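# Fold and contact review
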Amino acid sequence: MRLHPTVASHTEEVLREVLRFTGPADSAVSWYFREHPKLGSRERNAVAEAVYAVLRNKLVFGSFAESGVGPAMRRLALLGLADAVGIDAVAGLSPDETAWLERVAQIDRQTLPAAMRANLPVWLYDKLVARDGEAATLSLADALNRPAPLDLRVNALKTKREDVIEELAKAPIACEPTPYAPLGLRIFKKPALQNLPLFKDGAIEVQDEGSQLLAHILGAKRGEMVVDFCAGAGGKTLAIGAIMRNTGRLYAFDVAEKRLAKLKPRLARSGLSNVHPVVIAHENDAKVKRLAGKIDRVLVDAPCSGLGTLRRNPDMKWRQTPESVAELNQKQSSILASAARLVKPGGRLVYATCSLLDEENEAIANGFLAANSAFRLVPAREVLAEQKIDLDTGDFLKLTPQQHQTDGFFAAVFERSK
Ligand SMILES: C[S@@+](CC[C@H](N)C(=O)[O-])C[C@H]1O[C@@H](n2cnc3c(N)ncnc32)[C@H](O)[C@@H]1O
């Protein structure tokens, strides 16, 4: 069935805003939909998917849009819609536009230059090729430029994974257990979950398998004192709180009050009562210092470029620059140094990012080790084995979408000796 003919102009309007890259694409899309409440759900879906298709394929579509007819933004919008819903579903096309889209669809992308096919900014493409070579970069870029499946985490305080599979099947929503995370489920479609009793009752949360693994790698135990230093809206906090079986004390720190506020309703659904959200002014806040040397496990899920999450946030690649990454590096080292002071002897500190860049990952971890002789690196493979998770990515946890079907994640585990 064809979409409403205004879908192309709505897509064009949203693109005009999103391609200014002044804020996150998902906020711009949500704002537009709030301003246009009459737009039907099928149309909204098509507009959003088309905008994301343009963000994912910006270089290739930009090149295709040099041919064709009509305003440049409409050409991009049509390419996005053709990619997202197919040419036949797009109404209101002129015969010239249809012919152009059909011509473009015939182009063999293998004939395009590699850097264009990767659809990455030049600085990032060059950096990845210098590290991994062209073939590996193209395979990574290909995985990053595809939409992610939907991963769920089962709240073990409320139910079991097998019971959720059965319950979802009644909806009917088909899912399969995630390969590594013991409480994860993967759905390949995008059903609306918000109205399911399972969701409302806090039996499931949406969380990428990689993010779930970061909660496991922290290895928090019952009754421990734990800090989630950069808790944000609490994706990992909720997972850690459940791993602690709702015992002990889990502080959720963040400098962003708005983000921490989003944790509140999730906490209420989850049934957790061991979580204590705390807004801090900065990483050296007195509230942090008060806990120095008292904490068993500290997770630093550091602010980062987010380049590992391009499957979900394709705009990030166009919004980050070498300068923004350098700025983040300063912040990352500073937060890690401050968080380390919380850890008691024998306690563990985990540094994690959802970045794929060495300078946000190994470089920060190695810099920390060099400056902190009281800490040693605990090989990630050992920690994962302790957690009975069958995954060996070496001394560090390194997840990539093409190898593990998760977002890109990094984690280093440190233990304090004295
Ligand atoms: C990667 S996000 C955290 C995501 C979150 N852990 C989750 O699983 O949903 C990084 C967070 O670090 C926070 N942040 C930035 N600077 C900080 C600082 N100096 N101290 C603590 N948190 C900080 C940001 O507000 C952001 O919420």
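Residues numbered from 1 in each chain as written. Predicted model: local features only at pLDDT ≥ 70, side-chain atom pairs only at ≥ 80, totals over all residues.

### Re the UniProt feature "domain: SAM-dependent MTase RsmB/NOP-type" (unreviewed entry) in the protein
If you check UniProt for "domain: SAM-dependent MTase RsmB/NOP-type" (unreviewed entry), the listed places come out as residues 140–417 in our numbering. With 36% helix and 22% strand, residues 140–417 has its two end C-alpha atoms placed 38 Å apart. (UniProt positions renumbered as here; feature names shortened; annotations may be inferred. Helix = DSSP H or I, 4+ residues; strand = E, 2+ residues; numbered from the N terminus.)

### So, the site of the ligand
Not every one of the 20 residues close to the ligand is listed here, only the nearest: Cys-230, Gly-232, Gly-235, Ala-256 and Asp-301. Counting only elements with at least two residues in the shell around the ligand, the list comes to α13 (235–243) and β6 (249–254). Looking at the shell around the ligand residue by residue, the class counts come to ten nonpolar, five polar and five charged. (Near = placed C-beta within 6 Å. Nonpolar A, V, L, I, M, F, W, Y, C, P; charged D, E, K, R; others polar.)

### Examining the pairing of strand β12 (residues 409–416)
In terms of burial, β12 is a largely internal element, seven of the eight residues being buried. Alignment of strand β9 (residues 343–353) against β12, held across six bridges, turns out to be antiparallel. When the bridges of β12 are listed, Thr-353 appears paired with Phe-410. Pairing analysis gives four bridges linking strand β10 (residues 375–378) to β12, with the strands arranged antiparallel. Considered in β12, the bridge of Leu-377 is made with Phe-414. (Buried ≥ 20, exposed ≤ 12 C-beta atoms within 10 Å, placed from the backbone. Pairing = 2+ DSSP bridges.)

### Section: the UniProt feature "binding site: S-adenosyl-L-methionine" (unreviewed entry) in the protein
The UniProt feature table records "binding site: S-adenosyl-L-methionine" (unreviewed entry) at Asp-254 and Asp-301. Taken together, the annotated residues stretch across 48 residues yet fold into one region, lying no more than 10.4 Å apart by C-alpha. Along the polypeptide, Asp-254 turns up in strand β6. In contact with Asp-254, other than residues within four places in its own chain, are Cys-230, Ala-231, Gly-232, Arg-259, Leu-260 and Val-279. Mapped onto the fold, Asp-301 is located in strand β8 (residues 295–301). You can call Asp-301 buried: it has 26 C-beta atoms within 10 Å. Residues contacting Asp-301, with those up to four places away along its chain left out, are Leu-214, Cys-230, Lys-236 and Ala-352. (Contact = placed C-beta atoms within 7 Å.)

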